[in-house]
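Summary of the model geometry
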Amino acid sequence: MIAQGHQLANHTYTHRRMVFVTPATVASEVERTDAAIRAAGQRGEIVFRPPTGKKLLALPLYLANHQRRTIMWDVEPDSGTTPTAAEIVAAVGEQTRPGSIILLHPWYAGGQNTREAIRGLITKLRDQGYRFVTVAELLALRRPADAS
């Protein structure tokens, strides 16, 4: 994946909810995953996305103490439901804005519809003038110009 230009991010080692867990649990989940990502060849910053988007107490403290960025999403057309491929494409087309991050679940129950939607939503977004970038590229686009 890295050789093809993709960016890997940390999503914890076991995908457990990161609320009401100990600091040691957080450290283990994050550091084990970071080690695997580095072993795969990822260089530079490793951003973090909390499982289920939940973050409370120990996780935000750990991330802040380790200067880690949490990346969230704003388009999530297939969570908790099983929309058809056409419904997923329509929802993504309606909800996406410049800078959006789209979260898809192609491997879970009902994921067949999401997998079927991917080609169509890529086409739809490109037809709307969007392009696909890594999170690192998106963050670089959002940074104000360096004043020095």
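Residues numbered from 1 in each chain as written. Predicted model: local features only at pLDDT ≥ 70, side-chain atom pairs only at ≥ 80, totals over all residues. Heavy atoms only, no water.

**Some remarks on the nonpolar core**
- Met18, Val21, Val26, Ala27, Val30, Phe48, Ala58, Leu59, Tyr62 and Leu63 form the largest nonpolar core, which has 10 residues in total.
- When contributions to this core are tallied by element, the ones reaching two or more residues are helix H1 (23–39) and helix H2 (58–65).
- If you tally residues by element for this core, the top one is H2, at four residues.
- If we ignore the near neighbours within four places in the chain, the residues touching Leu63 are Phe48, Arg68 and Thr70.
- Of all hydrophobic cores here, the second largest spans eight residues; its members include Val75, Ala85, Val92 and Leu121. (Core = buried A, V, L, I, M, F, W, Y, C linked by side-chain atoms within 4.5 Å. Buried < 20%, exposed > 50% of the residue type's maximum accessible area, 1.4 Å probe, protein only. Helix = DSSP H or I, 4+ residues; strand = E, 2+ residues; numbered from the N terminus. Contact = heavy atoms within 4.5 Å.)

**Concerning the side chain of Arg68**
- Following the sequence through the fold, Arg68 ends up in the loop between H2 and helix H3 (85–95).
- A polar contact of 2.7 Å, which involves the side chain of Arg68, links it to the side chain of Asp34.
- Once you skip the residues sitting within four places of it in the chain, Arg68 turns out to touch Asn10, Val30, Asp34, Ile46, Val47 and Leu63. (Polar contact = N/O pair within 3.5 Å; in protein donor to acceptor, adjacent residues only side chain to side chain.)

**Focus: a nonpolar patch on the surface**
- Nonpolar side chains collect at one region of the surface, where Phe20, Leu56 and Leu57 lie side by side and expose about 350 Å² of accessible area between them.
- If you trace the backbone, Phe20 turns up in the segment before H1. (Patch = residues over 30% accessible without salt bridge, like charges linked within 9 Å, V, L, I, M, F, W, Y side chains within 5 Å. Areas by Shrake-Rupley, 256 points an atom, 1.4 Å probe, with all protein chains shown as cover. Salt bridge = Lys/Arg side-chain N within 4 Å of Asp/Glu carboxyl O.)

**Here's the deal with the packing of H3 against helix H4 (residues 111–127)**
- At a minimum axis distance of 8 Å, the contact between H3 and H4 shows a crossing angle of 40 degrees. Once H3 is placed against H4, the crossing between them reads as right-handed. Contacts between H3 and H4 involve Ala85, Ile88, Val89, Val92 and Gly93 from the first element and Asn113, Thr114, Glu116, Ala117, Gly120, Leu121, Lys124 and Leu125 from the second. (Axes fitted to C-alpha atoms, helices over the stretch in contact; angles between N-to-C directions. Left-handed = near helix turned anticlockwise from the far one by under 90°.)

**So, the packing of aromatic side chains**
- One pass over the structure, following the stated rule, counts zero aromatic pairs.
- The ring of Tyr13 is capped by Arg32, whose NZ or CZ atom sits 3.8 Å from the centre of that ring. (Phe/Tyr/Trp six-rings, centres within 6.5 Å; stacked < 30°, edge-to-face > 60°. Lys NZ or Arg CZ within 6 Å of the ring centre and 35° of its normal.)

**Here's the deal with H1**
- When the terminal C-alpha atoms of H1 are compared, their 24 Å separation across 17 residues agrees well with the 24 Å that a helix rising 1.5 Å per residue should span.
- All of the buried residues along H1 are Val26, Ala27, Glu29, Val30, Thr33, Asp34 and Ile37. Projected onto a plane normal to the axis of H1, the buried residues spread over an arc of 165 degrees and lie on a single side. Opposite the buried face of H1, at more than 90 degrees from it, the exposed residues are Ala24 and Ala39.
- As for H1, its buried residues are in contact with H2. (Expected span 1.5 Å × (residues − 1). Arc of directions from axis to C-beta.)

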